[in-house]
Amino acid sequence: MTLTAKDVAEITRLLETSSFDELHLEFEGVKLSLRRGVSADGARVAAPLVSVNTPAASQAHQATDRVQPPLKQRAKPAEEGVKAIEAPLLGTFYRAPKPGAPPFVEIGAVVTADTVVGIIEVMKLMNAVRSGVSGTVVEILASDGALVEYGESLVLVSESK
Amino acid sequence: MSIRRILIANRGEIAVRIIRTCRALGIETVLAASAADRDSMAARLADRCVCIGPPRPTDSYLKIDTIVQAALGVKADAIHPGYGFLSERAGLARLCEENGVIFIGPTAAQIDAVGDKLRARAEAEAAGVPVVPGGAVSSADEALTLARTIGAPLLVKAVGGGGGRGMKRVDRLEDLADALALASSEAGAAFGDARVYLERFVASGRHIEVQVLGDGAGRVIHLGERDCSVQRRYQKIVEETPAPGISEALRTRLYDAAVRFSERLSYRGAGTVEFLVDTQTEAFYFLEMNARIQVEHPVTEAVTGIDIVAEQIAIAAGDGLRLKQSDIQLRGCAVECRVNAEDPERDFQPSPGLIRELLWPVGTGIRVDTHIEAGSRIPPFYDSLLAKIISWAPDRSAALAQLRQAIDQTRLVGIQTNLGFQAEVLADAEFLVGAVDTGFLSRLLDRRLPITSEDLARG
């Protein structure tokens, strides 16, 4: 297995949607370290191929134990024709109807306004999140099991004309 | 259990106030804010802000499930409810108890006990605390029988109400049946509880309340009293401590009654026992207990030097009462005036909008609790409290002079406020003498505004 540029982009995106500040990957002789941070032009800085010194797990633990910065600054879709499906309420976001089940939608899925794209749990009450728009899923921003705020962008959909 | 992270389920000045103490204690704060408050001062000062819903309180600040879910989601150890909103809803305390989140306040059972005004009356009587003559009524006939023994004028009050909400005054007994039906249906709609009860209307009374702290295991101390008789339609405008012009004997009886009542409940946390004091006879009656921090708590902090929010947190964390009654020293006088976004010239209509310029007073003995600054937008969805200016001095006249100067120094441009009106109140001859009753403000307004609403309508 090799690491393509597309893979790195995908991993970067995962880090962005997660609550972690850093991610370290090591397999088949490849080491990948990513760190959250914003460069002068506003783009996320990825610092690949830096050797790993600390076990990723302990760093991840430290990161989750701190109060995380607000999620609200997350960039809204700038691309034309791309709509964000926003969380209708605060709660825990789940991508699948139950643990282990396939997600409601993946990237590339075709959705209509009524398509369920996830669920938000509020004190054991499950609320279906519907797309509200018709089109193709281009990005999934919220990670499974994460706390999402009211109005937070969950999924990006390229609207069909 | 230690508290390292607190979710603040409130907004405005009290959210900022709670964050300030948390910072001093090294406790992390997460603000649960509505979409209208995402850019508020509290949102900026908190370590983190989570958006809990749209601006309307019923869609955000009043959603118990969402608040507890937010606390669990951000791994908060405790929830501070502030005042108003969910602060006296047993449902929030109960859901916290069920989910291992500390509720900074009394137990759900205690909130139930004082929230039901009839039950609170019964507890007061059992604790040997006098209550206004009256009682429960379940039918119009029963009400009339009771009303004859009490005598008119009397008040029909909602069991689930409080703070003046859900009350009807009856001056003639023949009007009782209609008032009863109206009050009952209004109470049902407003509080989800149509039960009403009768109380004698005490025409000339002062509103004096006692601040208490309880450890939840039966030990209770008091932090002195506050006189909140300057009210407009049961909304407090100016609060002060100590209550001017009452005898030391009466003061001690009020303290003892408040402590006895709270001890009977094994009250946990900070609370306030409100009394109606008959100015002529020095008799007093239990009104209600507020099971939360109160807007006017800073005057008590000013004379005791105690951070009440810090004590609330300590009690919630299981540290119990860190103070003995003998530790409490009441020094000097403190007066608070509420700065509201309302227009006294237009019957105190709310005045939301953009604050363009703002300068708060500074000086020894002056404290300003606020959440607004130049550029703040006052949303129309919430109450109109902008700030509280608190003045402390060794004696009352010095504290009042200092507060008048502080109001004079304040510059707030962009929206209408009651600052000018407050300056009039604080300079009023009757108020300066002290010991005014709850009818004082309406008398002042009658003197001040000879114009009737009909005149205004005619333009």
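Fair warning: this is a prediction, and the values are worked out from it, not measured in the lab. (Residues numbered from 1 in each chain as written. Chains lettered and ligands numbered in written order. Predicted model: local features only at pLDDT ≥ 70, side-chain atom pairs only at ≥ 80, totals over all residues. Heavy atoms only, no water.)

Just to check I follow, could you spell out the overall build of chain B for this structure?
Scanning chain B from N- to C-terminus turns up 16 helices and 23 strands. For chain B, the C-alpha radius of gyration of 22 Å lies close to 23 Å, the compact-globule estimate for 459 residues. Long-range contacts, defined as pairs at least 24 residues apart, comprise 65% of the intrachain contacts of chain B with a sequence gap of at least 6. Just so you have it, chain B exposes about 18200 Å², and 50% of that area is on carbon and sulfur atoms. (Helix = DSSP H or I, 4+ residues; strand = E, 2+ residues; numbered from the N terminus. Rg over C-alpha atoms; globule rule 2.2 N^0.38 Å. Contact = heavy atoms within 4.5 Å. Areas by Shrake-Rupley, 256 points an atom, 1.4 Å probe, with all protein chains shown as cover.)

Got a minute to help me understand unusual backbone geometry in this structure?
A negative phi holds for most residues other than glycine; trans holds for most peptide bonds. With an omega of -5 degrees, the peptide bond running from A152(B) to P153(B) counts as cis. You can see P153(B) is positioned in the loop between α7 (140-150) and β7 (154-162). Although it is not a glycine, K124(A) adopts a positive phi angle of roughly 70 degrees. Within the secondary structure layout, K124(A) lies in the loop between β6 (116-122) and β7 (125-130). Unusually for a residue other than glycine, F85(B) sits at a positive phi of about 40 degrees. Looking at where F85(B) falls in the secondary structure, it is placed in the loop between β4 (78-80) and α4 (90-99).

Looking at this structure, I do not really get the sheet that holds strand β1 (residues 5-8) of chain B. What am I missing?
All names here are of chain B. Pairing in this open sheet of five strands is parallel, and the strands run β3-β2-β1-β4-β5 from one edge to the other. At either margin of the open sheet sits one strand with a lone partner, and together these are β3 (48-53) and β5 (102-103). In this structure, β4 lies alongside β5, joined through two bridges in parallel fashion. Residue pairing across strands places A78 opposite I102, the latter belonging to β5. Each of β1, β2 (28-34) and β4 touches helix α1 (residues 12-25); the most contacted strand, β1, lies at about 175 degrees to it. (Pairing = 2+ DSSP bridges. Axes fitted to C-alpha atoms, helices over the stretch in contact; angles between N-to-C directions.)

Before we go on, may I ask you to explain the domain arrangement of chain B in this structure?
Interfaces are often sized by the amount of accessible area the parts lose when they come together. All names here are of chain B. Once the domains are mapped, chain B shows domain 1 (5-104), domain 2 (133-200) and domain 3 (205-447). One C-alpha centre belongs to domain 1, the other to domain 3, and the line joining them spans 23 Å. Each partner contributes residues to the interface: domain 1 has 31 residues there, and domain 3 has 28 residues. With both sides pooled, the region where domain 1 packs onto domain 3 buries about 2300 Å², and carbon together with sulfur makes up 60% of that total. Looking at the side of domain 1 facing domain 3, the largest losses of area belong to E13, R17 and Y83, adding up to 26% of the total buried there. On the surface where domain 1 and domain 3 come into contact, there are six salt bridges. Ionic pairing is found between R20 and D369, a salt bridge with its closest N-O pair at 3.9 Å. Mapped onto the side of domain 1 that touches domain 3, the elements with two or more residues apiece are α1, α2 (41-45) and β5. (Domains from an automatic or database assignment. Buried area = accessible area lost by both parts, 1.4 Å probe. Salt bridge = Lys/Arg side-chain N within 4 Å of Asp/Glu carboxyl O.)

For this particular structure, what's the right way to read the interface of chain B and chain A?
On the chain A side, the residues contacting the 24 residues of chain B number 18 residues. Of the roughly 1800 Å² buried where chain B meets chain A, counting both sides, 58% is carbon and sulfur surface. It is R38(B), R48(B) and Q69(B) that lose the most area in chain B upon contact with chain A, and together they represent 35% of the buried surface on that side. The interface formed by chain B and chain A holds one salt bridge in total. Residue R38(B) pairs with E149(A) through a salt bridge whose shortest N-O separation is 3.4 Å. For the pair chain B and chain A, the interface holds five residue pairs in polar contact (both at pLDDT 80 or more). Where the side of chain B that touches chain A is concerned, the elements lending two or more residues are β3, α3 (64-73) and α4 of chain B. With seven residues, α3(B) is the single largest residue contributor to the side of chain B that touches chain A. Residue composition of the side of chain B that touches chain A, grouped by class: eleven nonpolar, five polar and eight charged. (Polar contact = N/O pair within 3.5 Å; in protein donor to acceptor, adjacent residues only side chain to side chain. Nonpolar A, V, L, I, M, F, W, Y, C, P; charged D, E, K, R; others polar.)

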